[in-house]
Amino acid sequence: MCWLCDQFGDMEYGNGVWYLNPWNYARNMYKIREPGKVFAVREAGPEVVTEAGLTPPGLINAIEKSREEYDRIIEENKERIRLRRQGNQVLPLKDAEKVLELCSPMGLMECMCRKGVRAIDERNEHEYTCMGMGVGMLKWERWPERYKGGVKFVNVDEAKEWTREMDKRGFVHILMLFGAPYIGGFCQCDYPDCGAIRLAVDFGFGTLKSHYVAMVDYDKCNGCGICAQRCQWGALKFEVTSEKANIDLFKCYGCGLCETSCPRGAIELVERKSLPALAEVW
Amino acid sequence: MDIPRKLPKITIDHEKCMVPFLCKKCLEICPQAVFWVVCIKEERLKEMDPRVPGLYKLSAPRRDKCTVCNKCIEVCPVDAIKIEAP
């Protein structure tokens, strides 16, 4: 079981999946912190998430030192993420739409990662590629630099339409936690500009895989290769021998970008837990 | 990739690189997305102006991905980037 479901899931509501449990959206989550710890504003800011996402402290230097040091720092960071409950999780479009029905408020904003990595300055609602979520968004006006160009608050229908547009463009949807179950952001990620996806692809931690994996129906697949352009995880390739798409399910993060792009409906998202060898691969 | 391995050392002269968020040439050209730019003097209720020298700072946090292709050095208008090959 993914550790977030373990801690925040409810079998009665949302079938044990943490982000489908309406209680996680109904509580005053912004105030919930680790017992005895003071809430620091900068800790919750998206730039901290992305800076740390890009370079967990000491990790890059550890590459020069030793394998042991490198492994130790990764373990240390995994533990830190659990303690601060800052894990992120990939969501396929269909689950993302369910989340958008539960969470409020939602505001479109600029992406902190693209701002940092490529100096992209998203100035208005037509350019925003990130969504801030939860009551923390109501304080956006205090930090105009963090929300350059402002925020466009959206309703459920607008949020869904925007997300489908992002999906069409090829962005991976990642639900971002600023101390679970407080959900701070619904990121639209792209390798290599985005902290969360980069940490996962380059170092194998920081972002949990989704509750699904993508499987190809070889009878329907005609080998057009459209899906192969969309995989950000190095999991899907065009298999020359069979002239069909091939997915390594151990590498698959279950983002569903291949599924939503397939013109023949040849890719299906199946539940991770239905495959015994994958049930604990997060 | 092998660990441990030597990594390139990237030095940025912040006396020369004063408006990285405005210039952004290295950030855009790097094939490996090694660089990161951030506002170092964020103020409450104020949006910072990228034209003001020194408000934004360029760094190279992902030097592990650097291939020393030197494209950033070629494109830098103020000659602020130095890379030491591993």
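Only a predicted model underlies this, so the values are computations on that prediction, with no experimental measurement involved.

Cut-off values and rules
- Residues numbered from 1 in each chain as written.
- Chains lettered and ligands numbered in written order.
- Predicted model: local features only at pLDDT ≥ 70, side-chain atom pairs only at ≥ 80, totals over all residues.
- Helix = DSSP H or I, 4+ residues; strand = E, 2+ residues; numbered from the N terminus.
- Rg over C-alpha atoms; globule rule 2.2 N^0.38 Å.
- Buried ≥ 20, exposed ≤ 12 C-beta atoms within 10 Å, placed from the backbone.
- Contact = placed C-beta atoms within 7 Å.
- pLDDT = per-residue confidence, 0-100.
- Axes fitted to C-alpha atoms, helices over the stretch in contact; angles between N-to-C directions.
- Parallel < 35°, antiparallel > 145°, perpendicular 65-115°, else oblique.
- Left-handed = near helix turned anticlockwise from the far one by under 90°.
- Pairing = 2+ DSSP bridges.
- Expected span 1.5 Å × (residues − 1).
- Arc of directions from axis to C-beta.
- Domains from an automatic or database assignment.
- Nonpolar A, V, L, I, M, F, W, Y, C, P; charged D, E, K, R; others polar.
- Core = buried A, V, L, I, M, F, W, Y, C linked by C-beta atoms within 7 Å.

### Some details on the overall build of chain A
Helix and strand counts for chain A come out as eleven helices and eleven strands. Computed over its C-alpha atoms, the radius of gyration of chain A comes to 19 Å, within 12% of the 19 Å expected for a compact globule of 282 residues. Taken across its 282 residues, chain A has 45% of its residues classed as buried. Sequence separation of 24 or more characterises 66% of the internal contacts of chain A that already satisfy a separation of 6 or more.

### Examining the overall build of chain B
A count of helices and strands for chain B gives three helices and four strands. With the principal axes as the frame, chain B shows a C-alpha extent of 45 × 25 × 20 Å. For chain B, with 86 residues in total, the buried portion stands at 29%. A sequence separation of at least 24 residues applies to 69% of the contacts in chain B between residues at least 6 apart.

### Some thoughts on the confidence of the model for chain A
Within chain A, residue pLDDT values average 89, and 90% of them lie at 70 or more. For residues 38–50 of chain A, every residue scores under 50 in pLDDT, and the model assigns this stretch 19 contacts once sequence neighbours within four places are set aside.

### Thoughts on the packing of helix α7 (residues 93–102) of chain A against helix α9 (residues 156–169) of chain A
All names here are of chain A. Interhelical geometry of α7 versus α9 gives an angle of 155 degrees and a closest axis separation of 9 Å. In terms of axis orientation, α7 runs roughly antiparallel to α9. Taken as a pair, α7 and α9 cross one another with a handedness that is right-handed. Contacts between α7 and α9 pair Leu93, Ala96, Glu97, Leu100 and Glu101 from the former with Val156, Ala159, Lys160, Thr163, Arg164 and Asp167 from the latter.

### Points about the interface of chain A and chain B
In this complex, chain A contributes 21 residues to the contact, which on the side of chain B involves 24 residues. Breaking the side of chain A that touches chain B down by element, the ones donating at least two residues are α4 (46–54), α5 (59–65), α6 (67–84) and α8 (112–118) of chain A. Here the side of chain A that touches chain B takes four residues from α5 of chain A, the largest share from any one element.

### Focus: the pairing of strand β9 (residues 236–239) of chain A
Residue and element names in this part refer to chain A. Bridge count for β9 against strand β10 (residues 244–247) is four bridges, and the pairing is antiparallel. In the sheet register, Lys237 faces β10, and the bridge partner there is Asn246. Following β9, the chain reverses through four residues before pairing antiparallel with β10; Glu243 in that reversal takes a positive phi of roughly 55 degrees.

### Remarks on the sheet that holds strand β5 (residues 172–177) of chain A
Residue and element names in this part refer to chain A. Spatial ordering of the open sheet is given by β4-β2-β3-β6-β5-β1-β7, a layout of seven strands whose pairing is mixed. Strands at the two margins of the open sheet, each flanked by one partner only, are β4 (152–154) and β7 (207–208). Two strands pair when backbone bridges link them, and strand β2 (residues 106–109) and strand β3 (residues 130–133) are joined in this way by four bridges, in the antiparallel orientation. Counted as the bridge partner of Met106 is Met133 from β3. Against the sheet, α9 touches β2, β3, β4, β5 and β6 (183–189), its axis set at about 110 degrees to β4.

### What about α6 of chain A?
Residue and element names in this part refer to chain A. Look at α6: 26 Å from first C-alpha to last across 18 residues, which is about the 26 Å you get at 1.5 Å a residue. Within α6, the full set of buried residues consists of Tyr70, Ile73 and Ile81. Down the axis of α6, the buried side of the element spans an arc of 75 degrees, and every buried residue falls inside it. What points out from α6, more than 90 degrees from its buried face, is the exposed set Glu68, Asp71, Glu75, Glu79 and Leu83. Turning to α6, the residues buried within the fold contact α5. Just downstream of α6 lies Arg85, where phi reads positive at about 55 degrees.

### Description of the domain arrangement of chain A
All names here are of chain A. Annotation of chain A at the domain level lists domain 1 (3–208) and domain 2 (212–274). Tallying the contact residues gives eleven residues for domain 1 and eleven residues for domain 2. Mapped by element, the contributors of at least two residues to the side of domain 1 that touches domain 2 are β5 and α10 (195–203). Taken together, the residues of the side of domain 1 that touches domain 2 break down into seven nonpolar, two polar and two charged.

### Observations regarding the nonpolar core
Ile174 and Ala196 of chain A together with Phe35 of chain B are the most contacted members of the largest nonpolar core, which has 92 residues in total. Both domains that furnish three or more residues to this core are identified here as domain 1 (3–208) and domain 2 (212–274) of chain A. Counting residues in hydrophobic clusters, the runner-up holds five residues, among them Leu59, Ala62, Ile63 and Ile73 of chain A.

### Things to note about unusual backbone geometry
The step from Tyr191 of chain A to Pro192 of chain A runs through a cis peptide bond, and the omega angle for that step is 5 degrees. A cis amide bond, omega 0 degrees, links Ile3 of chain B with the succeeding residue Pro4 of chain B. Within the secondary structure, Pro4 of chain B sits in the segment before β1 (9–12). Of note, the phi angle at Lys24 of chain B is positive, near 50 degrees, even though the residue is not glycine. Within the secondary structure, Lys24 of chain B is located in the loop between α1 (20–23) and α2 (25–29).

### A short note on α7 of chain A
Residue and element names in this part refer to chain A. For α7, the set of buried residues is Asp95, Ala96, Val99 and Leu100. Angular distribution of buried residues about the axis of α7 spans 150 degrees; they occupy a single face of the element. Where α7 is buried, its residues contact β2, α9 and β5.

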